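Chain and residue survey
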Amino acid sequence: MTHIENVEVLIVGAGISGIGAAYYLQQEHPGRTYAILEARGATGGTWDLFRYPGIRSDSDLHTFGYEFKPWRDEHAIASADKILTYLREAASENGIDEKVRFHHKVLGAAWSSAEARWVVDVERTDTSEVLQISANWIFCAGGYYRYDEGYTPHFEGRERFAGEVVHPQHWPEDLDYSGKKVVVIGSGATAVTLIPSMARTAGHVTMLQRSPTYIMPVPSKDAFANIAKKVLGDKRGYALTRRKNIVKQRVVYQFCQKHPGAARRLIRHLNARQLPNGYPVDEHFSPNYNPWDQRVCAVPDSDLFAAISNGSASVITDRIATFTERGIRLESGRELEADIVITATGLNMQAFGGMSLSVDGKPVNLPDTVAYKGMMITGVPNFAFAIGYTNSSWTLKVGLLCEHFCRLLAHMDEHGFDTARPELDNATMETRPLLDFSAGYVQRAMGDLPRQGTGRPWLTSMSYHTDVKMLRGDTVVDPNLKLTAGARSAAASKASKA
């Protein structure tokens, strides 16, 4: 095992969160050393990993993009290749790509209070070498799901099926679906993205869903944004559009929360307008939960509804009894013939990229911890993480977390602190799951994640308005965050004497 240099901040993950964290760190602390560890061989995270047809954002890029880098493309709902180009431009323009170490997978990290630092075990995925890096801080920017495998439930009789079964997270480059019968199992964002794209060349595409999902038609271009850009220029036009869309997202979400019945009726009305007369809207597009209890799927320019209307795609709401040699038999008795089955059945969550944590030799059990301001966890010093919004653009939250993290570092520098550890004084405080979201991938992983409280600073807010006050406006000084000094200098003095 080889020991490598110490860096002050170790960022884990070179996707949208990691690149953003590096930018803010460079801007606010230009003299601080840092490195980005990326387990894969490329930057971009999600937008480089997924290769299935039609992959795109389901948030507008004026809020999903970075506050510091204008989105210049005319499409607000953008394809993965455009998003990837944007992210890599952000990294290149700021020299961030030079800090990325590819094929470096973090296995675990051990904190030493005596030395006020982490020692991180890293595997080189290209050579199988195991090495160590020490860091004063870890900033985990890897999101919350596993990149090496998606979620596929057990399907009775799957081995009997003579066709091909594909999970979108592992899309074969050579998959030819031209003229073929395709069944896509699922009704979430991946399914509603795949179906209209595949329907252009497939013989027919069927979306097979156990239950409906809320689906909202949206324009792929933001007319206001494109006019503002022309009139005000890229930077000011982008900033104005970003503010407009933040307000719009907040209003829509609050309306859905306060008036779920009215929101349900409105979404149904918008769906019915896009579908043929007499289409069974309630059977296929009326979920049994309220809007935004799970994420609402956006379909740009109504492409899914267009595919259904022209007959190249269809929707069936039923349960799978078993796979057969020729396709899938449903509980209703109907059999769907298929050449290819796509299992758009979801993700597997994984906290902090699957790394193990220990503090002074004691393993950290994540379900025993409580999230602090949605960015640190109790009992674990100098460890920050970034998880974005589930009800809005991911990057809005990440930007605020990065700002607050940099302000905390500045405060610690000014006062000579080297350790920041959230501590829960009230051991009987009521807690709840970290993500208050009913999506299946969240429910499956709930027992493996930290918890959250019911009030600040233990509440993991999903409100940009609330987070602006807490993360950007409020002081970093908090009685629940124990700041201490001296461990690092004492360790250095001891080493020099030795």
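Summary of the structure given here. Every value quoted in this text rests on a predicted model; they were computed, and no experiment measured them.

Overview of the sheet that holds strand 17 (residues 340–343)
In any sheet, the strands associate via hydrogen bonds between backbone groups, in a parallel or an antiparallel arrangement. If you walk across this open sheet you meet the five strands as 8-17-9-10-13, and the pairing is parallel. With one partner strand each, in any of the chains shown, strand 8 (164–166) and strand 13 (313–317) form the two edges of the open sheet. If you compare each strand with its neighbour and ignore which way they point, the axes differ by 20° on average. Bridge analysis of strand 9 (residues 181–185) against strand 17 gives four bridges, and the strand direction is parallel. Of the residues in strand 17, the one forming a bridge with V184 is I342. Sitting on the sheet, helix 5 (residues 189–199) touches strand 9, strand 10 (204–209), strand 13 and strand 17, and the angle it makes with strand 10 is about 165°.

Observations regarding the sheet that holds strand 16 (residues 335–337)
Strand order in the open sheet formed by three strands is 14-15-16, with antiparallel pairing between adjacent strands. Edge positions in the sheet fall to strand 14 (320–323) and strand 16, since each of these pairs with one other strand and no more. Direction aside, neighbouring strands of the sheet carry axes that sit 25° apart on average. Alignment of strand 14 against strand 15 (residues 327–330), held across three bridges, turns out to be antiparallel. When the bridges of strand 15 are listed, F323 appears paired with I328.

Quick look at unusual backbone geometry
In this structure, P457 follows R456 across a cis peptide bond, with omega equal to 0°. Note on placement: P457 falls in the loop between strand 26 (451–452) and helix 13 (464–473).

Concerning the environment of M429
As for its position among the elements, M429 is in the loop between strand 24 (419–422) and strand 25 (432–433). Residue contacts for M429: discarding those within four places in its chain leaves V370, L424, G453 and W458.

So, the packing of aromatic side chains
In total, this model carries 24 aromatic pairs according to the counting rule given. Taken together, a centroid distance of 5.9 Å and an interplanar angle of 85° make the contact between Y24 and F68 edge-to-face. Linking Y24 in helix 1 (residues 16–28) with F68 in the loop between helix 3 (61–64) and helix 4 (80–93), this pair joins segments that are 44 residues apart in sequence. Judged by centre distance (5.0 Å) and plane angle (70°), the ring pair of F352 and F383 falls under edge-to-face. Remark: F383 occurs in strand 23 (residues 383–385) and F352 occurs in the loop between strand 18 (347–349) and strand 19 (356–359); sequence separation between them is 31 residues. Residues F352 and F383 agree in their burial class; the two are buried.

Description of the side chain of E38
In this fold, E38 is placed in strand 2 (residues 34–38). No salt bridge is formed by the buried E38, whose closest oppositely charged neighbour, R40, lies at an N-O distance of 5.0 Å. Within the structure, E38 has its side chain in polar contact with the backbone nitrogen of R40 (distance 2.9 Å). The contact partners of E38, leaving out residues within four places of it in the chain, are G13, A14, G15, V100, R101, F102, H103 and H104.

Let's talk about empty space enclosed by the protein
For the structure shown, the criterion picks out six cavities of 30 Å³ or more. Quantified by volume, the largest cavity comes out at close to 70 Å³. Lining the largest cavity are C140, G143, Y144, A351, F352, F385, A386, I387, L434, L449 and P450. Across the lining of the largest cavity, the residue classes tally to ten nonpolar, one polar and no charged.

Criteria and cut-off values
Residues numbered from 1 in each chain as written. Predicted model: local features only at pLDDT ≥ 70, side-chain atom pairs only at ≥ 80, totals over all residues. Heavy atoms only, no water. Pairing = 2+ DSSP bridges. Helix = DSSP H or I, 4+ residues; strand = E, 2+ residues; numbered from the N terminus. Axes fitted to C-alpha atoms, helices over the stretch in contact; angles between N-to-C directions. Contact = heavy atoms within 4.5 Å. Phe/Tyr/Trp six-rings, centres within 6.5 Å; stacked < 30°, edge-to-face > 60°. Buried < 20%, exposed > 50% of the residue type's maximum accessible area, 1.4 Å probe, protein only. Lys, Arg positive; Asp, Glu negative; His and termini not counted. Salt bridge = Lys/Arg side-chain N within 4 Å of Asp/Glu carboxyl O. Polar contact = N/O pair within 3.5 Å; in protein donor to acceptor, adjacent residues only side chain to side chain. 1 Å grid on protein atoms, 1.4 Å probe; cavity = no way out; pocket = protein on both sides within 12 Å on 5 of 7 lines; lining within 4 Å. Points joined across faces, edges and corners; volume = space filled by probe spheres on them. Nonpolar A, V, L, I, M, F, W, Y, C, P; charged D, E, K, R; others polar.

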